[in-house]
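# Close look at the chain arrangement
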Amino acid sequence: MSKGPLTTLAVSLILTALGSIHAFSLFVVPLEEKFGVGRSDVSLTFSLSLVSLTLAVLIGHRIYGKLPAPWLIVGASAMAAVGLCLAALANSLPVLWIGYSLGFGAANGLVYGFGMQISAQANPGREGLTMGVVTACYALGAVLAPAPFEALIAMGGPSAALFGLAGAVAVIGLVSSLILGKSGAEYVGQSQGASTNMVTARWLALVWLGFYGAVMAGLMVVGHASSIAAELRPGAAAWVAPALLAACNLVGSLIGGRAADMVPARVALTCVPLMSCAVLLILAGFGGPFSVLVCIGGLGFAYGATISAYPPVIAKTVGPEASAFVYGRVFTAWGAAGLAGPWLAGAMFDLTGGYGLAMVLAAAIAVTSAAAAWMVFSARQD
């Protein structure tokens, strides 16, 4: 294989393992029972992990070039494995937050941000498609993880699943680093100064708002997919909804990345959140046994399309020299949505006994995303 495909393979393997973070909903009820706390408290574990992930992406451009690419993958994988082991041994929520939310979450952010950039650099002219593939593999981890998680939790509780994941991440991280070393790819540092000259505060604010509103619903449902399905489709296996959501996320990632190369940005980035809005309202008002799985799949597709379309659109708008720096700023919207979305869904559940109100609020936010995307990209990215 040439450098480009080998680099993409290495990044895809480790991101598949780390993408299991998006199957967290399997842990919600077991952790409630283990620690004797409410759903909003447990949901905060996932929310805080997304904040850590976001901060790692935000500062990542300062770190990526400091180490050889294979060593960065090894170091981040070790951080993830140690964090997961600490979470498995936790006897209180604060310890769980340090291990899972901080350690595992930050490792996810380092590898995700680094992987997106180095794979795009290694495949010039195919940035959108490459980023879509990498994002799809990140989603694949959440497709593959739910069934093993459910089996391990049944055998030994959440600690067994966390220990199992720690071992898998450590082994796959080592394999990925070896492949990346064979590819010879190295991260090319990007210029902070170029980005500040090309991007206005208004443009950045509107892109931030568009990204925030578009991913809010997806992250809300990612954190509670298993519980939402259990409420509206009693009797279904706990792993079905998270796996379905992740599978549709994967498909959306592939299509979203390709669409970024072919479709005007304002069309793609306006239609996707409007789709989320429609699906959320259906889920809130007509959540029957069949429609709930269709809606969860639709939200997974829209989320995947969003997170794979925004990076190449930003790269084409600001240029490759500023891409990592600007995307790190925009990606803080993902962290804000990750903090607010799962926690809000948990808090609304504790307050009302269901997820309907949370879905309606997320639908309204999705409309603001569509409006922001239409405004900011109408003149810049046709």
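Above this note sits the structure.
This report concerns the structure included in the present document. On a predicted model such as this, the values are computed, not experimentally measured, just so you know.

Take Ser-176: it is sitting in helix α7 (residues 146-183). Excluding its chain neighbours within four sequence positions, the residues that come into contact with Ser-176 are Ala-10, Leu-13, Ile-14 and Ile-73.

Let us look at the environment of Ala-76. Looking at where Ala-76 falls in the secondary structure, it is placed in helix α4 (residues 69-89). The class for Ala-76 is buried, based on a relative accessible area of 4%. Along the backbone, Ala-76 and Phe-104 are 28 residues apart, and their C-alpha atoms lie at a distance of 8.9 Å. Beyond its immediate chain neighbours, meaning those up to four positions away, Ala-76 contacts Ala-107, Leu-110 and Val-111.

Time to look at the packing of aromatic side chains. Geometry of an aromatic ring pair is reported as the spacing of the ring centres plus the angle between the planes. Tallied over the entire structure, the rule returns 15 aromatic pairs. With 5.6 Å between their ring centres and 10 degrees between their planes, Phe-24 and Phe-46 make a pair best called stacked. Placement of the pair is Phe-24 in the loop between α1 (3-18) and α2 (25-35) and Phe-46 in helix α3 (residues 39-60), with a sequence separation of 22 residues. Pair check on accessibility: Phe-24 and Phe-46 agree, each one buried. The side chain of Arg-266 reaches across the aromatic face of Trp-374, ending 4.8 Å from its centre.

Calculation criteria
Residues numbered from 1 in each chain as written. Predicted model: local features only at pLDDT ≥ 70, side-chain atom pairs only at ≥ 80, totals over all residues. Heavy atoms only, no water. Helix = DSSP H or I, 4+ residues; strand = E, 2+ residues; numbered from the N terminus. Contact = heavy atoms within 4.5 Å. Buried < 20%, exposed > 50% of the residue type's maximum accessible area, 1.4 Å probe, protein only. Phe/Tyr/Trp six-rings, centres within 6.5 Å; stacked < 30°, edge-to-face > 60°. Lys NZ or Arg CZ within 6 Å of the ring centre and 35° of its normal.

Function cannot be inferred from these measures alone, as they are strictly geometric.
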